[in-house]
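Understanding the architecture of this molecule
Here is what each chain is made of, one letter per residue.
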There are 2 protein chains.
Amino acid sequence: MYQYALLIEYHGGGFVGWQWQQDGVSVQGALEDAASKLAQNEAPTAVAAGRTDAGVHAEAQAVMLELDRNLPPGKLRDALNFHLRPHLISVRAAMIAPDDWHPRFSATGRAYRYRILNRPAPPAMDAGLVWHLHHELDADAMHQAAQVLVGQHDFTSFRASSCQAKSPVKTLSRLDVMRIADEIVIRAEAPSFLHHQVRNLVGTLKLVGEGKWNAQRVADALAARDRAAAGPTAPPEGLALVSVTYDPPINWDFT
Amino acid sequence: MYQYALLIEYHGGGFVGWQWQQDGVSVQGALEDAASKLAQNEAPTAVAAGRTDAGVHAEAQAVMLELDRNLPPGKLRDALNFHLRPHLISVRAAMIAPDDWHPRFSATGRAYRYRILNRPAPPAMDAGLVWHLHHELDADAMHQAAQVLVGQHDFTSFRASSCQAKSPVKTLSRLDVMRIADEIVIRAEAPSFLHHQVRNLVGTLKLVGEGKWNAQRVADALAARDRAAAGPTAPPEGLALVSVTYDPPINWDFT
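Right, let's walk through the structure included here.

Criteria and thresholds
Residues numbered from 1 in each chain as written. Chains lettered and ligands numbered in written order. Predicted model: local features only at pLDDT ≥ 70, side-chain atom pairs only at ≥ 80, totals over all residues. Heavy atoms only, no water. Axes fitted to C-alpha atoms, helices over the stretch in contact; angles between N-to-C directions. Helix = DSSP H or I, 4+ residues; strand = E, 2+ residues; numbered from the N terminus. Parallel < 35°, antiparallel > 145°, perpendicular 65-115°, else oblique. Left-handed = near helix turned anticlockwise from the far one by under 90°. Contact = heavy atoms within 4.5 Å. Nonpolar A, V, L, I, M, F, W, Y, C, P; charged D, E, K, R; others polar. Salt bridge = Lys/Arg side-chain N within 4 Å of Asp/Glu carboxyl O. Buried < 20%, exposed > 50% of the residue type's maximum accessible area, 1.4 Å probe, protein only. Core = buried A, V, L, I, M, F, W, Y, C linked by side-chain atoms within 4.5 Å. Least-squares fit on C-alpha atoms with pLDDT ≥ 70 in both.

Residues and elements named next belong to chain A. Packing of helix H1 (residues 27-36) against helix H2 (residues 73-84) brings their axes to within 8 Å, and their N-to-C directions diverge by 115°. Taken together, the axes of H1 and H2 are roughly perpendicular relative to one another. Handedness of the H1/H2 crossing: right-handed. Contacts between H1 and H2 involve Ala 30, Leu 31, Ala 34 and Ala 35 on the former and, on the latter, Leu 80, His 83 and Leu 84. Partitioning the contact of H1 with H2 into residue classes produces six nonpolar, one polar and no charged.

Right, dumping it as structure tokens:
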């Protein structure tokens, strides 16, 4: 089998998530199906850096594709994109995988972006790509409260019950909240995240933006180590995986 | 009848265009249907600043809605948005129409934006919102050639055969082409445009970006006053109406 590294983009709306499931179309399944059109004998397999949930988007998901065929990477990219139609999955770049590279275990950092459309009018052009919140949120208060969460902590309060990570201790490198016109954009960076962690952080910061919670209440929720102490889970459609980093970095070829 | 000014946003993908047609759903038809849920006796009517074609989007289309009911503008906005679901049309702002205001005839300027996704990989997140062109275009050459078209000219070469304007002479105030990462963004501003004018300008500038045409060839195409002398019509999905201006300006209330 030949190992390829892919950088892919997808609109999460039509998928049950990254991972293959019995019911519904997964990103993994659609990608493996497209790759199987190119395979000779063996079924191709795809492994991703982050197993995004149903409805969550990716601008830059890193994937290792194993395929029993030796193809120039640019041809592989174009052939996969051809066979992926009409799925909203796009292979942005392909290359021969570096030696000993694993998209998930070799990753040193992940970045997610969460978009809130914060205005009375619902989205039209961006429907399915943002969380629409009618009433004005205080982005500065959200940003200040977010700083309480940065650093190494036990994030049990922000972890889905289904989370399979061995430890709830994670290091949040960055959690920035900024207003850009009528959007509130939240950027979260960490070496790795717990299941639903970003959406649970966003659902909690929303309470701060509404003035219902302050930074101390967020600190208390973190200290409680109890999912019930934090805010609700924000919906998936505002979330996108925007970068995965490796050391040494991967020099993707976009030409 | 009460006259309201609306600022609306829509995703053109699902519509036959702004204007009501026998077959298919128009933006005008969907908006009038939503307004009819609020009407008492008379059928509401909607008139727009620009009659966008099938597939063309709007971020800021100005509309006059006539309705036989006196409603606070914020309530009208929210009620229309409620009844517009699941259409991808959003009323961003509503107000009592200024005296003697006509959305089309009072407009002093229009701005359109055309987005080209210029990379080998097709769009996923932005599918339906960009024109995908695989091979690299020279945005600087496109911008320079575009300047030949700025000013008052007979734009017969860039006018659809179906165009109903009395004169082909228009004043193009601005035609800027800029590369932003893997996108080429074209912004066109004029007091008013001919039918298909922006898409025909973009289809011609694409030939310049590919190196097939130079600025002189664009000047020759303009001088020919013959549609066959210019380039093909760019597809609708990259185009959006992004602003309509009035004098005095309208102070839309987005709160």
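A full pass over the atoms with the stated rule returns 26 salt bridges over all chains. In this structure, Asp53(B) and Arg199(B) form a salt bridge, with 3.6 Å as the shortest nitrogen-oxygen distance. Of the two residues, Asp53(B) is situated in the loop between strand E2 (45-48) and strand E3 (57-67) and Arg199(B) in helix H4 (residues 197-209); the sequence distance between them amounts to 146 residues. A relative accessible area of 21% places Asp53(B) in the partly exposed class. With a relative accessible area of 11%, Arg199(B) lands in the buried category. A salt bridge links Asp182(B) to Arg119(B); the shortest N-O distance between them is 3.5 Å. Remark: Arg119(B) occurs in the loop between strand E5 (107-118) and strand E6 (131-133) and Asp182(B) occurs in the loop between strand E9 (174-180) and strand E10 (183-190); sequence separation between them is 63 residues. Through salt bridges with shared partners, one network takes in Arg174(A), Asp176(A), Arg187(A) and Glu189(A).

Further remarks concern H1(A). Counting buried residues in H1(A) gives eight out of 10 residues, a clear majority hidden from the surface. Elements that come into contact with the buried residues of H1(A) comprise strand E1 (2-10), strand E2 (45-48), strand E3 (57-67), H2 and strand E4 (89-96) of chain A.

Let us now look at the nonpolar core. If you look at the biggest cluster of nonpolar residues, it comprises 79 residues, and the most contacted ones within it are Leu6(A), Ile8(A), Leu76(A), Ile116(A) and Leu149(A). Here the element with the most residues in this core is E3(A); it accounts for seven residues. When residues no more than four places from it in sequence are discounted, the contact partners of Leu6(A) are Leu31(A), Gln61(A), Ala62(A), Val63(A), Leu65(A), Leu76(A), Leu80(A), Val91(A), Ala93(A), Ala94(A) and Trp252(A). If you look at the next biggest cluster of nonpolar residues, it comprises 78 residues, including Ile116(B), Leu172(B), Ile184(B) and Ala188(B).

If you rotate chain B by 180° and push it 0.0 Å along the axis, it lands on chain A with an RMSD of 0.0 Å. Read as a symmetry element, the transformation amounts to a two-fold axis. Within chain B, Asp126(B) has its C-alpha nearest the rotation axis, a separation of 4.6 Å. The fraction of interface residues of chain B whose copies in chain A are also interface residues reaches 100%, indicating that both copies meet through the same surface.

Quick look at the packing of helix H3 (residues 139-146) of chain B against H4(B) now. All names here are of chain B. Direction vectors running N to C along H3 and H4 enclose 130°, while the axes themselves pass 8 Å from each other. The angle between H3 and H4 places the two elements in the oblique class. The handedness of the crossing between H3 and H4 is right-handed. Between H3 and H4, the contacting residues are Ala 141, Met 142, Ala 145 and Ala 146 on the first element and Leu 205, Lys 206, Val 208 and Gly 209 on the second. Within the contact of H3 with H4, the residues separate by chemical class into six nonpolar, one polar and one charged.

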